[in-house]
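# Chains, contacts and geometry: an overview
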Amino acid sequence: MNFFKRKENLESFNQDKDNNSRKVMEWIKVYRVRLSLVVLTMCVLFAVAYGGYSYVSANVQSVYHTYFNGEYVGALSDPEKVEAYVEGRKQDIEKQYEDYTIAFNDEEIEFEMQEGFKLEAEDDMVLSELDALLSYNIEGYELVVDGEAIAMLKNQQEAEQILERLEQEYTSDVEKQASVENIESVLLSIEDTNSEELVGQKFISLDSVEIIEDVDVEQVSVPLEEWSDSSYADPEELFESIQTGDVTPVVYEVQQGDCISCIATDHDIPRSVIYDNNEWIQDDKLQIGDQLDLTIRKPKISVKTVKTENEIASVHYDTIYEEDEELLKGQTEIIQQGQEGMKVMTFELTYVNNQLSSETVVNEEQVLEPVAKIVRKGTKVIPGIGSGMFSWPVSSPNITSYYGHRWGSMHKGLDMTSSDKNIYAADSGTVVTSEYHAGYGNYVVINHNNGYQTLYAHLSQLNVSAGTNVEKGTVLGIMGTTGNSTGVHLHFEVKVNGTNQNPSSYLN
Ligand SMILES: [Zn+2]
């Protein structure tokens, strides 16, 4: 209520009071004049005049007609009583609701003084009427999301803090990542840094944070009679409920035979819900009895964050073959080792409540050139001279017995079968033997004229004769089971200067 207004009124009352007193005096004067007309003695006149004045003045009373918002309430003996009463009420309420902001309505109490005979004030009635008319509101701040009030808070700071916390919730990880050494300084010394340390490193910066919904904080006043202790939301509970969206929590206990994708299918939820809600899961490992939170959250307020991620990736080197006539065909020699290069891939990542919603490559920049691997490749062909590099003597071989000690004796070759029965020369060379032997059956020996010899045994048919030069891959004959053999297969030996070697060491 407007006390200033009331005080001004009081001042005017005081002036009125003086005016009224003067009017009474004038009235008395008139009265006295009338008395003088009836020709009384001076002393009678005096006595009567004096007595009359005393009587009037003893029975003239001031009352204050009290108006509430322009409506008449009643007559009051003294405006101070209302002031004291209103102050008292206000203090009581402020004490009762000391944590809150009370709004005292801007109501107007006005007084109009009247003086006259035997006017009666009804103070108790006026005060009890005013008590019913005066109203008080508790102020609150509503959090309004897309036009819908979701909760009321005690003050604006509480509401703003909740919004700040939400934004922080989805940006704190970036702040952590931002503490990683700045990419610029990493790139400056990239040539001196071990690429294994750098590849895969990410440098993330936050571009924007935005609340998707239209969120306002609006001041509201709640009449005291509509107020309850639960009218204000608890900021902590509100923060939780904004994030989960008042959905009923779903907890699932892991059973025998469960797996993450099985549980996701059974509950018809995306697997990402399981991972996001249960960050303790590692390598998809679940134990019987584990409690999984399967709640699908429906946040009331969503935070969109846009991040730029620079990731260092490797650039694979090329292999360049340089033909070399000096080198025998089939031989190679590495003359420069390859070295991986590095590039910086720049992505723009958009997240809604920490869930990746889009990923775009915005730039790709090579920061370290790869070094090509250079290989000399021999082209020189000398008939009858092997390259020293062996190929399989049958195609798609199936190994049936390895080189080494077998059944108490030494197995000097490698046994193999294949659906393709052709036997191929493992390298170029000169056929030095192509004949029948009691143990080897039909067999071929090639001297590669470089220290190596290869032997092919148990053939059903021989296609080459001793003394001829053969190219690598020439068909020497057909797989068989001649000589001391238990089934159709090739027995293959490799010798270096006459000494048997493990053929597996030369084939790959
Ligand atoms: Zn054998």
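Conventions and cut-offs
- Residues numbered from 1 in each chain as written.
- Predicted model: local features only at pLDDT ≥ 70, side-chain atom pairs only at ≥ 80, totals over all residues.
- Helix = DSSP H or I, 4+ residues; strand = E, 2+ residues; numbered from the N terminus.
- Buried ≥ 20, exposed ≤ 12 C-beta atoms within 10 Å, placed from the backbone.
- Contact = placed C-beta atoms within 7 Å.
- Pairing = 2+ DSSP bridges.
- Axes fitted to C-alpha atoms, helices over the stretch in contact; angles between N-to-C directions.
- Expected span 1.5 Å × (residues − 1).
- Parallel < 35°, antiparallel > 145°, perpendicular 65-115°, else oblique.
- Left-handed = near helix turned anticlockwise from the far one by under 90°.
- Nonpolar A, V, L, I, M, F, W, Y, C, P; charged D, E, K, R; others polar.

Time to look at the overall build of the protein chain. In terms of regular secondary structure, the protein chain is built from 11 helices and 29 strands. In the protein chain, buried positions account for 17% of the 508 residues. For the protein chain, long-range pairs separated by at least 24 residues make up 73% of all intrachain contacts whose partners lie at least 6 apart in sequence.

At Asp283, a position not held by glycine, the phi torsion is positive, near 50°. On the secondary structure map, Asp283 appears in the loop between α11 (271-277) and β10 (291-293). Of note in the backbone geometry, Asn354 takes a positive phi value of approximately 70° without being a glycine. Note on placement: Asn354 falls in the loop between β14 (341-352) and β15 (355-368).

Moving on, we get to the environment of Ser504. Within the secondary structure, Ser504 is located in the segment after β29 (499-501). Sequence-distant contacts of Ser504, defined by excluding residues within four places in its chain, comprise Tyr402, Tyr403 and Leu414.

A few words now on the sheet that holds strand β12 (residues 319-328). Here 3 strands make up an open sheet; going across it, the order is β12-β16-β13 and the pairing mixed. Of all strands in the sheet, those bounded by a partner on one side alone are β12 and β13 (332-336). On average, each strand axis in the sheet is tilted by 30° relative to the strand beside it, whichever way the strands run. In the sheet, β12 pairs with strand β16 (residues 373-380) via 7 bridges, with the strands oriented parallel.

Here we come to the pairing of β15. Of all 14 residues that make up β15, 1 are buried, and the element is exposed over most of its length. Note: β14 against β15, 11 bridges, orientation antiparallel. In the strand pairing of β15, Lys343 is matched with Gln366. What sits between β14 and β15 in their antiparallel hairpin is a turn of 2 residues, with Asn353 showing a positive phi close to 50°.

Turning to the sheet that holds strand β27 (residues 475-478), a few remarks are in order. Strand-to-strand pairing in sheets goes through backbone hydrogen bonds, with the strands running parallel or antiparallel. The strand order β21-β27-β25 describes an open sheet built from 3 strands, whose pairing is antiparallel. Of all the strands in the sheet, just β21 (422-424) and β25 (461-462) have a single pairing partner and so form its edges. Note: β25 against β27, 2 bridges, orientation antiparallel. Residue pairing in the sheet places Gln461 in a bridge with Ile478 of β27.

This part covers helix α5 (residues 156-169). Taking 1.5 Å per residue, 14 residues should reach 20 Å; α5 reaches 20 Å between its end C-alpha atoms and fits that length. Among the structural elements, β5 (136-145), β6 (148-153), β8 (215-223), α9 (235-244) and β11 (303-315) are those in contact with the buried residues of α5.

Okay, the packing of α5 against α9 next. Interhelical geometry of α5 versus α9 gives an angle of 40° and a closest axis separation of 10 Å. On the basis of their axis angle, the class for α5 and α9 is oblique. Our pair here, α5 against α9, has a crossing hand that is right-handed. Side by side, α5 and α9 meet where Glu158, Gln161, Ile162, Arg165 and Leu166 of the first sit next to Pro235, Leu238, Phe239 and Ile242 of the second. A class-by-class count of the residues in the contact of α5 with α9 yields 6 nonpolar, 1 polar and 2 charged.

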